[in-house]
Amino acid sequence: RNLAATFNLNSDCRQMSAPNYQNRPLSNIETQGRLPLFYGSLFPWDLFYSWLSYGDEKYWNRREFSYEKNKIVTRHYSYSDMEEFKQDIQSRLPHKLDIGAIYNHPPKNKNRVKDFRPLEKELVFDIDATDYNDVIINPEDTEYLTKRTWYLMAIAAQVLDDILRTEFGFEHILYVFSGRRGIHAWICDERARKLSAYERKCIGEFLGVVSETTGQSNKFSLEQNLHPTFRRVYDNILATSFEQFVILEQGLFDNPHHVQNILSFVPIPAVKDSIQKAWETISDPIEKWNIYKEIVNERIMQLHNPQYRTVKMANPIHSVIFTYLYPRLDIEVTRQTHHLLKSPFACHPSTGRVCVPLDITTVFEFNPETVPTIDSLANEINSASSEVPDLEIHSIEDQKKFSLMKTQLYKGGYIDLFEGFVNNMTSQ
């Protein structure tokens, strides 16, 4: 008795071993063989509907959905209820599912109305590891997000979470792995959903300490102390993380290019020479960093020194740490309400990995290399067939549920995490 028949898996899907999607894109043939199973039994439809409807069907039927299939993107789909949405997805089998804004009319009717505009949308942030390529120590880590470089996303999520909750008072924040190279943050509080484009822009610019495109920090001059918000995340998250991850784990001082990079933040040649001379007799990387900070603080950051009093000079220590670790945000994604963002539990079209939610309390333990793929989930369903309860006692639906509980979507805690988020949000 093969469970593949229960789930309508085709023979090709049953016979193929799980490929390594870390190193190659997912082909259309492979995708199509598994999408009926994924959208038929694995996608959390009820939780998804509870989340995006916010207890009001009018929210749901005015929400835009977008699909990508064979690299063709189509927009402005909308549905009257969850069952219509589910049936259409199962019919179309899109390779990628994106979520858009809530409009003043159902998006499917956009060509029938004169005044069509977005009214609400979750406040969202998109962080892509590609934007950190200039500060990733090992060049081989720039193509894919690995466990070794995950610290960049973990720190970004922690910093965002601290500021969004402490400074803005937001409570309902969902963090999601993008499936390949980044993370998404969905702020779902009612007042976040109703922010204007200008208000979203202001929040994005306040948070946008480090440029996404240039990687340069822009808020830390000699003339002023760190804003209390950034002082808090610097002291509580960034400073210690820089030593642990960038210096020790990534080996900054073993890489000549990055050694020169942190020296480039020191604007006075004589001070830079003093640092390099002091390093000549030292091998310990943390001691080298401590010397860097001591000399910078002694020779540059003394405001009473008349030589530098009138010079508007960035703090090299702050600049280095913020440049290497602070979140690099795509402000346009945050500002524009009509911008699309990949749905949680969608499959990334180039890796096959599922866009799973993240637990902010254990975010450093997350490993992007072990996230389930659409292929691995199909194989888990198939291998669970030997453990399925007897057909004479249990229904087909019970068997499906039993087998789904054996997949990493459930065993990995991703469904429970999403359910907890939705239940907490809807209860309030």
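### Thoughts on the packing of helix H10 (residues 228–249) against helix H13 (residues 285–299)
Part 1: Packing of H10 against H13 brings their axes to within 10 Å, and their N-to-C directions diverge by 125 degrees. Compared by their axis directions, H10 and H13 come out oblique. Handedness of the crossing formed by H10 with H13: right-handed. Contact residues: H10 offers Phe242, Glu243, Ile247 and Leu248, while H13 offers Pro285, Ile286, Trp289, Asn290 and Lys293.
Part 2: Considering only residue class, the contact of H10 with H13 consists of 6 nonpolar, 1 polar and 2 charged.

### Digging into the packing of helix H7 (residues 150–166) against H10
Part 1: H10 packs onto H7 with a crossing angle of 165 degrees between their chain directions and a minimal axis gap of 10 Å. Taken as axis vectors, H7 and H10 run roughly antiparallel relative to one another. H7 and H10 meet at a crossing whose hand is right-handed. Facing H7, whose interface residues are Tyr151, Ile155, Gln158, Val159, Asp162, Ile163 and Thr166, H10 presents Thr229, Phe230, Arg232, Val233, Ile237, Leu238, Ser241, Phe245 and Val246.
Part 2: Classifying every residue of the contact of H7 with H10 by side-chain character gives 10 nonpolar, 4 polar and 2 charged.

### Thoughts on the nonpolar core
Part 1: One finds Trp51, Phe65 and Tyr292 to be the most contacted residues of the largest nonpolar core, which totals 128 residues.
Part 2: Examining the composition of this core, we find that 12 residues originate from one element, H7, more than from any other.
Part 3: In this structure Trp51 touches Ile99, Leu174, Trp186, Cys188, Pro344, Phe418, Phe421, Val422 and Met425, once residues within four positions along its chain are discounted.

### Concerning the sheet that holds strand S9 (residues 357–358)
Pairing between the strands of a sheet is mediated by backbone hydrogen bonds and can be parallel or antiparallel.
Part 1: Reading across from one edge, S5-S7-S6-S9 is the order of the 4 strands in this open sheet, with antiparallel pairing throughout. The sheet is open, and its two edges are formed by strand S5 (123–128) and S9, each paired on a single side.
Part 2: When S5 meets strand S7 (residues 182–187), the two strands line up antiparallel, connected through 6 bridges. If you follow Phe125 over to S7, its bridge partner there is Ala185.

### Here we look at the packing of aromatic side chains
Part 1: All chains considered together, the criterion is met by 39 aromatic pairs.
Part 2: Between Phe43 and Trp45, the aromatic rings sit 4.6 Å apart at their centres with planes inclined by 50 degrees, giving tilted as the arrangement.
Part 3: Taking relative accessible area as the criterion, Trp45 reaches 6% and is therefore assigned buried.
Part 4: Between Arg328 and the ring centre of Tyr132, over which it is positioned, the NZ or CZ distance is 5.2 Å.

### Brief notes about the pairing of S7
Part 1: Within S7, 6 of the 6 residues are buried, leaving the element largely enclosed by the surrounding structure.
Part 2: Of the two faces of S7, both are covered, the one formed by Gly182, His184 and Trp186 as well as the one formed by Ile183, Ala185 and Ile187.
Part 3: Examined bridge by bridge, strand S6 (residues 173–177) and S7 share 5 bridges and lie antiparallel to one another. Residue pairing in the sheet places Phe177 in a bridge with Ile183 of S7.

Calculation rules
- Residues numbered from 1 in each chain as written.
- Predicted model: local features only at pLDDT ≥ 70, side-chain atom pairs only at ≥ 80, totals over all residues.
- Heavy atoms only, no water.
- Axes fitted to C-alpha atoms, helices over the stretch in contact; angles between N-to-C directions.
- Helix = DSSP H or I, 4+ residues; strand = E, 2+ residues; numbered from the N terminus.
- Parallel < 35°, antiparallel > 145°, perpendicular 65-115°, else oblique.
- Left-handed = near helix turned anticlockwise from the far one by under 90°.
- Contact = heavy atoms within 4.5 Å.
- Nonpolar A, V, L, I, M, F, W, Y, C, P; charged D, E, K, R; others polar.
- Core = buried A, V, L, I, M, F, W, Y, C linked by side-chain atoms within 4.5 Å.
- Buried < 20%, exposed > 50% of the residue type's maximum accessible area, 1.4 Å probe, protein only.
- Pairing = 2+ DSSP bridges.
- Phe/Tyr/Trp six-rings, centres within 6.5 Å; stacked < 30°, edge-to-face > 60°.
- Lys NZ or Arg CZ within 6 Å of the ring centre and 35° of its normal.

All quantities given are derived from atomic positions and should not be read as evidence of function.
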